Amino acid sequence: MGEILSNLYLGFGVALTFQNAMYCFIGVLLGTLIGVLPGIGPVATISMLLPATFVLPPISALIMLAGIYYGASYGGSTTAILVNLPGEVSSVVTCIDGYQMARQGHAGKALGVAALGSFFAGTVATMLIAAFAPPLAEFALKFGPADYFSLMILGLIAAVVLAHGSLIKAIAMIVLGLLIGLIGTDVNSGVARYSFGLPELIDGIGIGTIAMGTFGFSEIVRNLEQGEKREVFTKSITGLLPNWTDIKQSTWPVLRGTALGSFLGILPGGGPTLGSFSAYTLEKKMAKDPSRFGKGAIEGVAAPEAANNAAAQTSFIPLLTLGIPSNPVMALMIGAMIIHGIQPGPQIMTAKPDLFWGMIASMWVGNLMLVILNLPLIGMWVKLLTLEYRFLYPAILLFCCIGVYSISNATMDVYLAALFGFIGYAFIKLECEPAPLLLGFVLGPMMEENLRRALLLSRGDPMVFFTRPISLTLLIITAILIVIVVSPAISKKRAEAFQEEAV
Amino acid sequence: MKVGHPKDFWSGIMFIVIGVLFAVVAKGIKFGDSVLVAGYAMGTPARMGPAFFPFWLGLILILFGVIIAVNGYRTKGGPDSAFPHFHWRAIAYVLGSVIIFGLILKPVGMLLAGIVLVIVSSIGNPEKSPMKTTVILAVGLVVFCALVFVWGLKLPIPLCPDVEAIQSSIGFCRG
């Protein structure tokens, strides 16, 4: 315990320097902004701002990018409650009861419960990271190349097992991502693979380029074809602070949401979306009168909001301790670390304790800023909601183009992003989720490197993956996961957990 | 017999095609002495060459593609399973404006390229807005971007037209 406190002390020392606190503030402010605005998500925003962080010291850059992420999961709820449109996917379920509360004139209460519940969840999740990350990182230091390879397989499979949609398509998307990740110079032989004579491809394709194409551009095309229908409750938002009955009603849901969200966030593929969906389903099951749900039940706002914020934060645990991304945003964070010369993995904690603990402490600071930012500034966010998409999307497009170009001052990246925009659009149309592709893309080179080292050490014997206990355990867990998901009973449950989305 | 689930079937075909591409480029194609595609060195498992990992991943992708395509052919899907309709108009204007931006950014600078991007992409919106509003929006956005990205964050983006480059690319100006 004393060690945790001294580590947190070190972390707060880093997070509370004027510069870092300022970038944390900019991060959560931008995050809330894009969270509030439907049609642009954290993936596109973080990749857009990646080049802008080149000039910053690594710790400030990562603090800001992290702030964007949890700020977005926070801001998304405002849109969900007031417009019945999820600002982010993670706030889809908040729409159901939050919007009903707004229609009954309780918009302020819903927003207040969401903000305070999220803050509580964020605080708990920060403590959890501080407690669990060090032992996990220490354990991960024992991993050899074979163990790492198996861990990546487990991470990738687990990521798609928990996501919705067709499992086999998602695995195919991972493999495709791994392949795209291999484009560029092979570090061992110096051969420029799949560059087709284009000098711009020798260094490979940037993660920002792919992310902006598949998540930014394709999203704009999809929004344009769908058109927009909005009804904003902007008139009277009063009584943000919940009264005693509200607090009593939402205490348990917030606690349960925090617990569930924290747990699901740690799992690869978990993250805020799964957290909020599961928390909503759980509350509905626990409720004495489930028919209240969908008609403005305060539990239906409190639990998922706590869960998505807790999960947004605990999903940093696999990133910081193992160097394995659990969702596309974490994949981008790995990209950002590599750009800033930090090798992601368990050694970060010992090699760069200021960065590690500074980032963790900054999350709590950021959460505090979010409460301060959101409750009084709600009026400003509401004004933003009246901004029409026809003005918004050209702006997003321009920011994305400038962002893509600035990654390496190459117009080739702009064309590639346009290409990936089309590819991403086609994938979504064919119901192939692009998120697993991004995870595979980041892990491709790391997986090849670990496979190569593992087989070099074993003189080409593939049995090494089954004789090392850690590796074998990880592979068995992977196999069990696949069996469980393929079994009919669970696949029905899995469909059930995501059924709210179809509503 | 008709394809039961066209969406899945064509996804599978897409994975097969991509898998074949990656595997073939890695391994290379040789007919006797003539080399069609050079390929990369395969190596042995103990000393993997650059072709090893992508070649096997390509094969795995083909395998998944076949499973998805066969399943898609056999299973009967609902009304959602039809091959999707692509909105080419939105695609053309949004992605087209991005490509134009890339083409003209270096010669004419971000201020002009940005204005073109905003105007062209706005035409792609089914809900029309008046040209005057779009132009005001465009000018406002490029000024904002110039202030934030170029002057504020010091990103090396050309702002103004590169007159010499334009002149040398058009023979007319040289007489």
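Residues numbered from 1 in each chain as written. Chains lettered and ligands numbered in written order. Predicted model: local features only at pLDDT ≥ 70, side-chain atom pairs only at ≥ 80, totals over all residues.

Brief notes about the overall build of chain A
Helices and strands together make up the secondary structure of chain A, namely 23 helices and two strands. Taking the principal axes of the C-alpha coordinates as reference, chain A spans close to 70 × 50 × 50 Å. Counting the 503 residues in chain A, one finds 61% classified as buried. Restricting the contact set of chain A to residue pairs at least 6 apart, pairs at least 24 apart contribute 80%. (Helix = DSSP H or I, 4+ residues; strand = E, 2+ residues; numbered from the N terminus. Buried ≥ 20, exposed ≤ 12 C-beta atoms within 10 Å, placed from the backbone. Contact = placed C-beta atoms within 7 Å.)

Quick word on the overall build of chain B
Helix and strand counts for chain B stand at five helices and two strands. Start at the N end of chain B and walk to the C end: the helices and strands fall as α-β-β-α-α-α-α. At 25 Å, chain B has a C-alpha radius of gyration far larger than the 16 Å of a compact globule built from 175 residues. By the burial criterion, 34% of the 175 residues in chain B qualify as buried. Taking all contacts inside chain B whose residues are at least 6 apart in sequence as the whole, residues at least 24 apart take part in 65%. (Rg over C-alpha atoms; globule rule 2.2 N^0.38 Å.)

Section: the packing of helix 9 (residues 207-226) of chain A against helix 19 (residues 435-457) of chain A
All names here are of chain A. Across the interface, helix 9 lies against helix 19 with an axial gap of 11 Å and an inter-helix angle of 175°. Relative to helix 19, helix 9 is oriented roughly antiparallel. Across the interface between the two elements, Ile 207, Ile 210, Ala 211 and Thr 214 of helix 9 pack against Leu 437, Leu 438, Phe 441 and Val 442 of helix 19. Residues that form the contact of helix 9 with helix 19 fall into these classes: seven nonpolar, one polar and no charged. (Axes fitted to C-alpha atoms, helices over the stretch in contact; angles between N-to-C directions. Parallel < 35°, antiparallel > 145°, perpendicular 65-115°, else oblique. Nonpolar A, V, L, I, M, F, W, Y, C, P; charged D, E, K, R; others polar.)

What about the interface of chain B and chain A?
Contacts between the two partners involve 59 residues from chain B and, on the opposite side, 54 residues from chain A. Mapped onto the side of chain B that touches chain A, the elements with two or more residues apiece are helix 1 (6-27), helix 2 (52-74), helix 3 (88-123) and helix 4 (131-152) of chain B. Here the element with the most residues in the side of chain B that touches chain A is helix 3 of chain B; it accounts for 16 residues. Residue composition of the side of chain B that touches chain A, by class: 40 nonpolar, 14 polar and five charged.

A word on the pairing of strand 2 (residues 34-37) of chain B
All names here are of chain B. As judged from the three bridges shared by strand 1 (residues 29-31) and strand 2, these two strands associate in the antiparallel manner. Paired with Lys 30 across the strands is Val 35, a residue of strand 2. Here strand 1 folds back onto strand 2, and the loop between the two strands holds two residues, one of which, Gly 32, carries a positive phi near 60°. (Pairing = 2+ DSSP bridges.)

Observations concerning the environment of Gly 19 of chain B
Residues and elements named next belong to chain B. Locating Gly 19 in the fold gives a position in helix 1. For the pair Gly 19 and Cys 145, spaced 126 residues apart in sequence, the C-alpha separation works out to 41 Å. Not counting chain neighbours up to four residues away, the residues in contact with Gly 19 comprise Gly 58, Leu 59, Leu 61, Ile 62 and Gly 65.

So, the domain arrangement of chain B
Entries for chain B in the domain assignment read domain 1 (6-81) and domain 2 (88-169). Of note, the centres of domain 1 of chain B and domain 2 of chain B, computed from C-alpha atoms alone, are 39 Å apart. (Domains from an automatic or database assignment.)

Examining the environment of Pro 328 of chain A
The topology assignment puts Pro 328 of chain A in helix 14 (residues 328-339). Each C-alpha atom of the pair Pro 328 of chain A and Gly 440 of chain A lies 9.7 Å from the other, and the pair is 112 residues apart in sequence.

Quick notes on unusual backbone geometry
Residue and element names in this part refer to chain A. Of note in the backbone geometry, Asn 409 takes a positive phi value of approximately 50° without being a glycine. Along the chain, the position of Asn 409 falls in the loop between helix 17 (389-408) and helix 18 (411-429). A tally of 13 C-beta atoms within 10 Å means that Asn 409 is categorised as partly exposed. Phi angles above zero are rare outside glycine, and Glu 431 is one such case at about 60°.

What about helix 19 of chain A?
Residue and element names in this part refer to chain A. When the terminal C-alpha atoms of helix 19 are compared, their 33 Å separation across 23 residues agrees well with the 33 Å that a helix rising 1.5 Å per residue should span. Taken as a whole, helix 19 carries its principal kink of about 45° at Leu 443; the proline Pro 445 stands between one and four residues after it. For helix 19, a buried count of 18 out of 23 residues is recorded, marking the element as mostly surrounded by other parts of the structure. Just downstream of helix 19 lies Arg 459, where phi reads positive at about 55°. (Expected span 1.5 Å × (residues − 1). Bend = angle between axes of the 7 residues up to and from the residue.)

Quick word on the environment of Ile 4 of chain A
Residues and elements named next belong to chain A. In this fold, Ile 4 is placed in helix 1 (residues 2-15). The partly exposed category is assigned to Ile 4, around which 14 C-beta atoms lie within 10 Å. Put simply, Ile 4 and Met 127 are 123 residues apart on the chain and 9.1 Å apart in space, counted from C-alpha to C-alpha. Setting aside residues no more than four positions away along its own chain, Ile 4 makes contact with Ala 130 and Ala 131.

Quick word on the packing of helix 10 (residues 244-266) of chain A against helix 11 (residues 271-286) of chain A
Residues and elements named next belong to chain A. Look at helix 10 against helix 11: their axes get within 9 Å of each other, and the N-to-C directions meet at 140°. Between helix 10 and helix 11, the interaxial angle falls into the category oblique. Helix-helix and strand crossings are classified by hand; for helix 10 and helix 11 the assignment is right-handed. On helix 11, the residues that touch Pro 253, Arg 256, Gly 257, Leu 260, Gly 261, Leu 264 and Gly 265 of helix 10 are Gly 271, Leu 274, Gly 275, Ser 278, Ala 279, Leu 282 and Glu 283. Its residues placed into classes, the contact of helix 10 with helix 11 shows six nonpolar, six polar and two charged. (Left-handed = near helix turned anticlockwise from the far one by under 90°.)

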